[in-house]
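Chain residues, written in single-letter form:
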Amino acid sequence: MKLLICFIIYLSLCHFAQCAQKPNILIIMADDMGYSDIACFGGEIETPNIDTLAAAGMRFGNFYTDAKCGPSRAAMMTGQFSHLGRLRVGATFAEILKPLNYRTLMTGKWHQGPKPTDYGFDRYYGLVDGCCNFWNPGLEARPGEGKPGRKKQMGDKARIWGIEDQLIETGYTPKDKNFYTTDAFTDYAVERLEEYKNEENPFLLYVAYTAPHYPLHAWPEDIAKYKDTYTVGWDAIRNSRYQRMLEMGIINEKFKLSPRDNEVDAWDELTAEEQQKQAKLMAVYAAMIDRMDQGIGKIINKLKETGQYENTMIIFMSDNGACAEPPNTDPNIPPGPVEGYRSVGKGWANASSTPFRLYKATSHEGGTRAPMILSWPGVTKPGSFSDHVCHLIDFVPTFMEITGATYPTEIRGRKLKKTNGISILPTLNGEEQKQHPYLAWERGGSKAIRIGDWKLVSQKSKSKNTPWELYNLADDPVELNDLASQHPEKLKTMEKKWLQWMQLKE
Ligand SMILES: [Ca+2]
């Protein structure tokens, strides 16, 4: 009897205090994936598992990232605008949730220095650097294979690989020829979910896939699914994506389809041979996203199998817009196998950005607006869509609100600023949402500020005085009609605000 009473008291304490189950958090990031690539954002790429997340949760149409990989990831992890100094001035969400006994796990692309286990993660496996060969991230050729294709600018320098708290800086060449980074990251995530399935404490799992960032590497069976998909060309793909996005309600009639990039040829003007080559590039790109989606399916299945799914907030997003960088290696090496190191190029990046203009590394919508999906069983309304203007820095305050975590004032010997992010929990709950007074960007000379519906933006340029462009996104969300000359006062006010924002870092 005494034991039974003790047990009942214990259960009550658990219910009202420390044992109340906080949600697990699973963050899945794609790399350089355009706004309209996945099916639930209008794309023709088969992404049934990501689509299932969208069907269970909320899609965000006005979600912003930074313009490039590293800064985006820092902003997401710390809740701080990346121009402030990235991980030097912020605590990561792993460090913020650690005091609440979260099991903190990460796999995939880190792209900060020096390694995740220095920033609050218990476990880690993946690419510490920014991009690598998917089949063989190292320098050495394996028997029966050519030298692994590499980014030319890297010279002889190896990409850094990380296994737990060990860095492999001399090049990581797995013996297994069936090694493929996307699968390796999926496997590590699934294995950790299995390993910790009986833990009482919740987990934070951050899966940072490198797909579909170049190089174009994919499994032949996945490429085969798309071998004929892109022979219609980028003009037809842009049109069909645009029509589907309208039909699905991802965009409304105010979103016009941007004209084809003026550096991209009309598909019909290409020779038949060139069309074949180009269609193959995009087939490999699609296969990379397809494989990532298959991996996401495995992770979700594991959550269901271990009984964690119902208590897990799942977030899927891309880290920036589609990438239009030219290929780094000999274009005569075909995309797909280990020896190549190709990129998809501007024509297809233009299609990935549909309906927007421009790409990664710009602060225009094509560089910084990304697809984002948040699914949290019992909270998010299935199949819902939000046009709330939100940003990567909003995740940290959201996690803080749902867990009761606080932002440290000091970490690693540095005093920290407060996060400028705003929790999106009210949006998830269907309640009134506090808005950002402004959002701003600066990346390598490409700059922008959004205040309400107005956006001031300028591209990186060799000339020192790149003109500002001014858009009213309520009427012109695709940034087609520059109003700078019509509203000089508004331009000045917004420029002043942007300059003040830049001074925050001093
Ligand atoms: Ca990226």
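Going by an unreviewed UniProt entry, the protein chain carries the name Arylsulfatase and comes from Rubritalea spongiae. Under the UniProt heading Sequence similarities (unreviewed entry), the note attached to the protein chain is "Belongs to the sulfatase family."

*Asks:* Mind showing me how you'd approach the layout of surface pockets here?
*Replies:* Remark: the empty space left among the atoms is shown by a probe the size of a water molecule rolled over them. Of the voids in this model, the largest pocket is the one considered here, and its volume is about 680 Å³. Lining the largest pocket are 25 residues; nearest its centre among them are Lys346, Leu358, Tyr359, Thr362 and Gln459. Classifying every residue of the lining of the largest pocket by side-chain character gives 8 nonpolar, 7 polar and 10 charged. The residue makeup of the lining of the largest pocket includes at least three contributed by each of domain 1 (22–435) and domain 2 (437–506).

*Asks:* Looking at this structure, how should I read the coordination of the calcium ion?
*Replies:* Tetrahedral coordination by four donors sets the ideal angle at the metal to 109.5 degrees; octahedral coordination by six donors sets it to 90 or 180 degrees. Within the protein, the atoms that donate to the calcium ion are Asp31 (OD), Asp32 (OD), Cys69 (SG), Asp319 (OD), Asp319 (OD) and Asn320 (OD1), at distances of 2.2 to 2.6 Å. Here the calcium ion is ringed by 6 donor atoms whose angles at the metal span 53 to 161 degrees, and the overall shape comes out irregular.

*Asks:* Help me understand the pattern of salt bridges, please; the structure alone is not making it clear to me.
*Replies:* Opposite charge on two side chains lets them pair, provided their charged atoms get close. Enumeration over the complete set of coordinates arrives at 35 salt bridges. Here glutamate 46 makes a salt bridge to lysine 225, at a shortest N to O gap of 4.0 Å. Residue glutamate 46 is found in the loop between strand E1 (24–30) and helix H2 (48–56), and its partner lysine 225 is found in the loop between helix H6 (220–224) and helix H7 (234–248); the two are separated by 179 residues along the sequence. Overall, the relative accessible area of 41% leaves lysine 225 in the partly exposed class. In this structure, the salt-bridge partner of arginine 412 is glutamate 95, at a minimum N-O distance of 2.7 Å.

*Asks:* Is there a simple way to explain the pairing of E1 in this structure?
*Replies:* For a regular strand, side chains alternate in direction, first toward one face of the sheet and then toward the other. Across the 7 residues of E1, 7 count as buried, placing the element largely inside the fold. With burial as the criterion, each face of E1 is covered, one bearing Asn24, Leu26, Ile28 and Ala30 and the other bearing Ile25, Ile27 and Met29. Note that E1 and strand E9 (residues 312–318) share 7 bridges and pair parallel. If you follow asparagine 24 over to E9, its bridge partner there is threonine 312. In the sheet, E1 pairs with strand E8 (residues 203–208) via 5 bridges, with the strands oriented parallel. When the bridges of E8 are listed, isoleucine 25 appears paired with leucine 204.

*Asks:* Help me out: how do you make sense of the side chain of arginine 159 in this one?
*Replies:* Structurally, arginine 159 is set in the loop between strand E5 (123–127) and strand E6 (161–163). A polar atom in the side chain of arginine 159 sits 2.7 Å from the backbone oxygen of cysteine 131.

*Asks:* Before we go on, may I ask you to explain H2 in this structure?
*Replies:* For H2, the full list of buried residues reads Ile50, Leu53 and Ala54. Projection of H2 onto a plane perpendicular to its axis shows the buried side chains occupying an angular sector of 100 degrees, all on one side. Along its buried surface, H2 packs onto strand E2 (58–60), helix H8 (272–305), E9 and strand E10 (372–375).

*Asks:* Please clarify how the packing of aromatic side chains should be interpreted in this entry.
*Replies:* For any two aromatic rings, the description comes down to two numbers: the centre-to-centre distance and the angle of the planes. Summed over all chains, the structure comprises 32 aromatic pairs. For the pair tyrosine 125 and tyrosine 188, a centre-to-centre distance of 5.4 Å together with 20 degrees between the ring planes defines the contact as stacked. Separated by 63 residues along the polypeptide, tyrosine 125 in strand E5 and tyrosine 188 in helix H5 (residues 181–195) bring together distant segments of the chain. In this structure tyrosine 188 comes out as buried when scored by relative accessible area, which is 8%.

*Asks:* I would appreciate a short explanation of the pairing of E5 in the present structure.
*Replies:* Burial runs high along E5: 5 of the 5 residues are buried. In the sheet, strand E4 (residues 103–108) pairs with E5 via 3 bridges, with the strands oriented parallel. For leucine 105, the partnering residue across the bridge sits in E5 and is arginine 123. As paired strands, E5 and E6 are joined by 3 bridges and run antiparallel to one another. Considered in E6, the bridge of leucine 127 is made with tryptophan 161.

*Asks:* Got a minute to help me understand the side chain of asparagine 350 in this structure?
*Replies:* Within the secondary structure, asparagine 350 is located in helix H9 (residues 346–352). Among the polar contacts made by the side chain of asparagine 350, one reaches the main-chain amide nitrogen of aspartate 261 at a distance of 2.8 Å. Not counting residues within four places of it along the chain, the set of residues in contact with asparagine 350 comprises Arg238, Arg260, Asp261, Phe356 and Tyr359.

*Asks:* When you look at unusual backbone geometry in this model, what are you seeing that I'm missing?
*Replies:* Phi is mostly negative for residues that are not glycine, and the peptide bonds are mostly trans. With an omega of -5 degrees, the peptide bond running from alanine 211 to proline 212 counts as cis. Inspection of the secondary structure puts proline 212 in the loop between E8 and H6. Threonine 354 connects to proline 355 through a cis peptide bond whose omega is 5 degrees. Unusually for a residue other than glycine, arginine 86 sits at a positive phi of about 55 degrees.

Rules of the game
- For every chain, the first residue of the written sequence is number 1, and numbering continues from 1 along that sequence.
- With pLDDT at 70 or above as the cut-off, local features in this predicted model cover only qualifying residues; side-chain atom pairs require 80 or more to be listed or tallied, and sums for whole chains, interfaces and linings still use all residues.
- To get the side-chain values, all heavy atoms of the structure are used, and hydrogens and water are removed first.
- UniProt positions are given in the numbering used here, feature names are shortened, and annotations may be inferred rather than shown by experiment.
- Buriedness for pockets is judged along seven lines, at least five of which must meet protein on both sides within 12 Å for an open set on the 1 Å grid over protein atoms alone, while cavities are sets there where a 1.4 Å probe fits but cannot get out, and lining residues have an atom within 4 Å of a point.
- Grid points are joined across faces, edges and corners, and a volume is the space filled by probe spheres set on the points.
- When residues are grouped by polarity, Ala, Val, Leu, Ile, Met, Phe, Trp, Tyr, Cys and Pro land in nonpolar, Asp, Glu, Lys and Arg in charged, and all others, Gly among them, in polar.
- Just so you know, the domain bounds were taken from an automatic or database domain assignment.
- We call an atom a donor if it is N, O or S and sits within 2.8 Å of the metal, or 3.2 Å for Na, K and Ca. Water is not counted, so some sites may look partial.
- The geometry test gives tetrahedral to four donors whose angles all lie between 85 and 135 degrees, gives square planar to four donors and octahedral to six donors whose opposite members are over 155 degrees apart with all other angles between 65 and 115, and gives irregular to the rest.
- The term salt bridge refers to a pairing of a side-chain nitrogen on Lys or Arg with a carboxyl oxygen on Asp or Glu at a separation within 4 Å.
- Strands here mean DSSP runs of E at least two residues long; helices mean DSSP runs of H or I at least four residues long; both are numbered from the N terminus.
- Only protein chains enter the accessibility calculation, which uses a 1.4 Å probe; a residue whose area is less than 20% of its type maximum is buried, one above 50% is exposed, and one in between is partly exposed.
- Strands pair, by our definition, only if DSSP identifies at least two bridges between them.
- Whenever a nitrogen or oxygen atom comes within 3.5 Å of another N or O atom, the pair is scored as a polar contact, on the condition that within protein one atom can donate a hydrogen and the other can accept it, and that pairs from neighbouring residues in sequence are kept only if both atoms are in side chains.
- The arc under discussion is defined with respect to the helix axis, by the directions toward the C-beta atoms.
- In this description, contact between two residues means that some pair of their heavy atoms is separated by no more than 4.5 Å.
- By convention, a stacked pair of Phe, Tyr or Trp rings (six-membered ring in the case of Trp) has centres within 6.5 Å and planes under 30 degrees apart, an edge-to-face pair has planes over 60 apart, and any other such pair is tilted.

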